[in-house]
Structures are given as C-alpha cells and as structure tokens.
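# Structural features, examined
Given next are the chains, with one letter for each unit.
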Amino acid sequence: MTEKLTGGEALVAALRAHGTDTVFGIPGTHNLPVYAALSRHGVRNVTPRHEQGAGYAADGWARASGRPGVCLTTTGPALLNAATAAAQAHSDSVPVLFLSPGLPLRHPGRGNGHLHEVKDQRAALDAVVAYSHRVTRVEEIPAAVACAFAAMATGRPRPVHLEIPLDLLDEQAPVTIAEPVPVPALAPALPQVRAAVRVLADAARPVVVAGGGASGAAGTLRALAEHLGAPVVTTANGKGVLADDHPLAVGAGLHHRAVHDLVRDADAVLAVGTELAPSDLWSGPLDLPGTLIRVDADAAGVTANALPDIALVADAALALRALLEHMPAPGDAAPGARRATRARAEHREQARAEGSAHLGLTRALAGALGRDGVLAGDSTMACYYGALSNLPAYKPRSFLYPTGLGTLGYGLPAAIGAKLARPEAPVVALHGDGGLMFTVQELATAAQLRLPLPVVVVDNGGYGEIRDEMDARGEPVHAVDLPFVDFPLVARAMGCHGLRADDEPQLAHALQAALAADRPTLIHLPESAAG
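This one's a predicted model, so the numbers in the text were calculated from it and none came from an experiment.

With parallel pairing, the six strands of this open sheet are ordered in space as E3-E2-E4-E5-E7-E6. Only two strands of the sheet have a single partner each, and these edge strands are strand E3 (44–46) and strand E6 (131–134). Strand-to-strand, the axes of this sheet are offset by a mean angle of 25 degrees, without reference to chain direction. Where strand E5 (residues 96–102) meets strand E7 (residues 160–165), six bridges bridge the pair, whose relative direction is parallel. The partner of proline 101 across the bridge, within E7, is isoleucine 164. Contacting strand E2 (22–25), E3, strand E4 (69–72) and E5, helix H3 (residues 51–65) crosses the sheet at an angle of about 170 degrees to E4.

Enumeration according to the criterion identifies six aromatic pairs in this entry. An angle of 90 degrees between the planes, with centres 6.3 Å apart, marks the rings of tryptophan 282 and tyrosine 384 as edge-to-face. Of this pair, tryptophan 282 sits in the loop between helix H11 (278–281) and strand E13 (291–296) while tyrosine 384 sits in helix H15 (residues 381–390); the two residues are 102 residues apart in sequence, bridging distant segments of the chain. Since its relative accessible area comes to 10%, tyrosine 384 is described here as buried. Between tryptophan 282 and tyrosine 385 the ring centres are 6.0 Å apart and the planes differ by 75 degrees, which places this aromatic pair in the edge-to-face class. Of this pair, tryptophan 282 sits in the loop between H11 and E13 while tyrosine 385 sits in helix H15; the two residues are 103 residues apart in sequence, bridging distant segments of the chain. A relative accessible area of 38% places tryptophan 282 in the partly exposed class. Through successive ring pairs, a cluster of aromatic residues spans Trp282, Tyr384 and Tyr385. The ring of phenylalanine 399 carries the charged tip of lysine 239 above its face, separated from the ring centre by 5.6 Å.

This next bit is on the nonpolar core. Among the nonpolar cores identified, the biggest contains 46 residues, and Phe24, Leu443 and Leu453 are the most heavily contacted of them. Not counting the four nearest positions on each side in its chain, leucine 453 is found in contact with Leu412, Ala415, Ile416, Val427, Val428, Ala429, Ala446, Ala514, Arg519, Pro520 and Thr521. Residues Leu242, Ala319, Ala322 and Ala340 belong to the second largest nonpolar core, which totals 37 residues.

Residue position: glycine 8 is located in helix H1 (residues 7–17). Here glycine 8 falls in the buried class, since its relative accessible area comes to 0%. A sequence separation of 504 residues divides glycine 8 from glutamine 512, and the C-alpha atoms of the two residues are 43 Å apart. Setting aside anything within four residues of it in sequence, one finds glycine 8 in contact with Pro33, Val34, Ala37 and Leu169.

Reading the values: rules and limits
- Residues numbered from 1 in each chain as written.
- Predicted model: local features only at pLDDT ≥ 70, side-chain atom pairs only at ≥ 80, totals over all residues.
- Heavy atoms only, no water.
- Pairing = 2+ DSSP bridges.
- Helix = DSSP H or I, 4+ residues; strand = E, 2+ residues; numbered from the N terminus.
- Axes fitted to C-alpha atoms, helices over the stretch in contact; angles between N-to-C directions.
- Contact = heavy atoms within 4.5 Å.
- Phe/Tyr/Trp six-rings, centres within 6.5 Å; stacked < 30°, edge-to-face > 60°.
- Buried < 20%, exposed > 50% of the residue type's maximum accessible area, 1.4 Å probe, protein only.
- Lys NZ or Arg CZ within 6 Å of the ring centre and 35° of its normal.
- Core = buried A, V, L, I, M, F, W, Y, C linked by side-chain atoms within 4.5 Å.

Any functional reading would require information beyond the geometric quantities listed.
Below, the structure is given as structure tokens:
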C-alpha cells in the first residue's frame, strides 16, 4: 500500500516491517523527525549516555538474540562516536544497522560550516562497515532498509550504515513500505559435500573447530561430532556452541598448546564458521598437517589465514546437515571420546594456569549464570585469561566478547543490549577498572531501565595487560597506573547499587543478590580477591 509519509516516518515504518521493536540511540537536532515517528509505530528507543554505548548495546542485542540490532544517531560527532562500535561489529560479524541523518541534498560540496558538518561522514562509516549508503529520495528509504536487512542476512553478517539527508526526514512523498526480502540460506555444493564426507568418514583422528559462524547450527554440529567421534574446540565467539560438559567438548580458546597439539595430530580438521584468526590464536597459526575442510558462508573468508583442501561455501547448518546425511554408518566413537578427554584435561590445566588470578571469579560467575546465563565481557585480563577458557558455557550466544577489534568499554553496554533482548536470562557484565571508564556512564542507562544487572569490576589499578607487556619488553613502565576510583560510590551516584567483594564467597553472594535486585549492582572486586 502506498501512503504519503515523511522521510522519518518512512524509515521507522520500514524498520517495523522488518521486525524492529527496539533501537538504541540519542535524539539530536537533525534526527528529531525519526524520533517523532518511533512511538507511533511501536518502536521503543533506549537512550544510552553516549553513542558508542548505543552501538555496543545494539551489538549485544544482536549477539544475544541472533537478530539485527539497530543504532540511531544524529549527524557528525554522534555518528563518529558510534564508529568504533560499528568497527567492532564488523570485525566479529555482527549484524547491526547504523542509521543517521546526513547533510542536506543541496549542501555545498566543499562545505559551509553547517552544524555537525563532517567532510564525508558516509565515507567515514563506509571504511568500517560492510557498506554505507546515502539515499537521495524519500521514496527510496524503504527499499534501502530492505536492502540493508537482506545484506545482513546474506553470507557473513556485517553491519550496514544508512545515511538520510536531513532535509528528506521532514519532506513528504508517496511511499510504499517494502516487505522483507526472503533470503534463502546458502546450500553447499554436492561435489564438495561428497569430497568432505570421504575424508571425514576415513579419518581416524578428526577434530572440529567451531567459531561464531556455527552459533545457529549447534544441534547439527553436536550430532555430526558425535557421529564422527570428533573432539570439538571453539573460538571465543563460538564458545557454547557445544556445551562444555559434553564428552567431546575440549573447551574454548584456540591459543592453548593443548589445542595446537590436538589439531597437529588430527588427520582431518573440520573448521566451521571461523576465520582461524590471529585474534583467536594469539601466538601463531595452527599447524594443519591433516586435511582441512572449511565451512563458511563467506566465499572470501573461507580462504582466510589457512587455505582449505575442501571448501564448503554455505550456511553452517545446511552444510553440516548435508555432511551428516551423506555420512556412512558411524564407527566406534570411543577413541574420539578418549582423545577429547585427554585434550580437555590438558586444556583445563593450561587454562587454569593462565587464569590462576581469576579462578575464584570464574567459579562465582558459573554459579550465578547457570546453564542459561549470558556473560558480556570487556577486553580485560579477567575475561580473556579468566572467563574465556575457565568459565563453562552451555549454549551458543552466551559469551559476548569483542574478539576482533578488541575494544575497551564493550561489556556494560553490550550487557544492557543482551538483557533487553533476553530478559529471562541471567546477564552479567565483566570489566576491568581501566576499561569500565570508557563507558561507565552507561550505569545510568541500566539504572533508568531498572535492569537486575550485575556489573563486576576487577580492579588491578590500571591497564594491567599493557603494564605487563612494557615490563616484558624491559622498557620503563609508565602511563598505565590509574588512581583509585570508588566504583561503588560512582554506581550509587548513578542510581545503581554499589558494593565491594573481598573474596569468592562474598562475590558469589553479591552476584545472586544482584540478579534479584530492583536495579543494576556494581560489584567492585580487587584483583587480589579474584583468584
């Protein structure tokens, strides 16, 4: 049906037609026509205290729910504030739609000092997302939204930016709202399926490496691993794709020596939905003497970092189902289970040694989160040395972590997005004292929303990782020590509960109380008490 709408109304109506009921953003002078239309179309706006927080919250929403998140900013500085979050979403393959006004259609090409003017904000965003598109007519807006959602559902999910000239937001035109474009999942080519089946069926020592791209294929991946008797290791973003208490689960974290040894001994490795990226491997690539089979929805990414012997460019669930359907009868699974048991014991020993300073923390988190919880972690030592490999996960999309870009400040706003997307799940944010200061203002957002959200801050007095790296290089240690901040007092000033925990029992009790509280609770934990 065609109706006369303003550009702002057309945008919101198109979002609603694509299932959007929540956006994260801050009103500004240039996006007010969009805000005027939100409530009329049943779309809730969540107002963070900074646009970077809005982007991270939309990212957390998308990761936890499996549906695209939406971040709405105004022009210029607001959109550039969100650019880091857009880059983080791009690096970790998260579908987030970033929306902003742009300068007017007839704005002078070389500029004239318009409010919020940026030389080329579309190009700035285009550098960090899948694509940035500037519409030029009100009538184009619904099609641009449909195209963006279709792009985020095709192949590897990536963020998209749409720029709408601010004069179009108030302009009226006859508009037809486009229905969502059906995007069929990409099926694997049969010759590659058969080739992979021959290798896997003949393999005596197969191994599965699962990344974030396997999150929608957890059940099929488990069935195939059981059929093959193949141990399973996961990346950070793949954590939980196979429950950590499954007999074939080795654990998360590709950087451990146990994983490198297991893969080196394998005669076939099936890598599903992973770049095999340096940000997961840390200390160098995997040695892959066996046959490498890669499953990836991204035709370009299927060759990243390691050339496959067999490439299945396909949706992970369809590819794994096809492999399972063509597989001959299963053999003896006992040898694979024994290999997984040995590798898991080695992995856990190495993980515990690496995360020894945070084992009490991870035990308390495990008790609070149970089997259905979600941890939104920052790029902090407590997360990548502690929680990544020591905190058990039982479901996909339960460990939200900024792997690729490694940004600071991600955890708290991502936890807000995750809790809004999955209100029934226990959600905890995990930060270091340095990283929390990047987005500490979002405590006020969580308080306004009355979220029962524990925010654990592990305090090592500054940027501990960089401090250690400086020391390891034999260079002067400086610019990394931060003065004490009374984080519980800061939290209370923003409308949250705030307290300190000095040992594991206190932390465990505080987490349980925080999950049942009437508002967020910041729990300040000295690193000396996290072990």
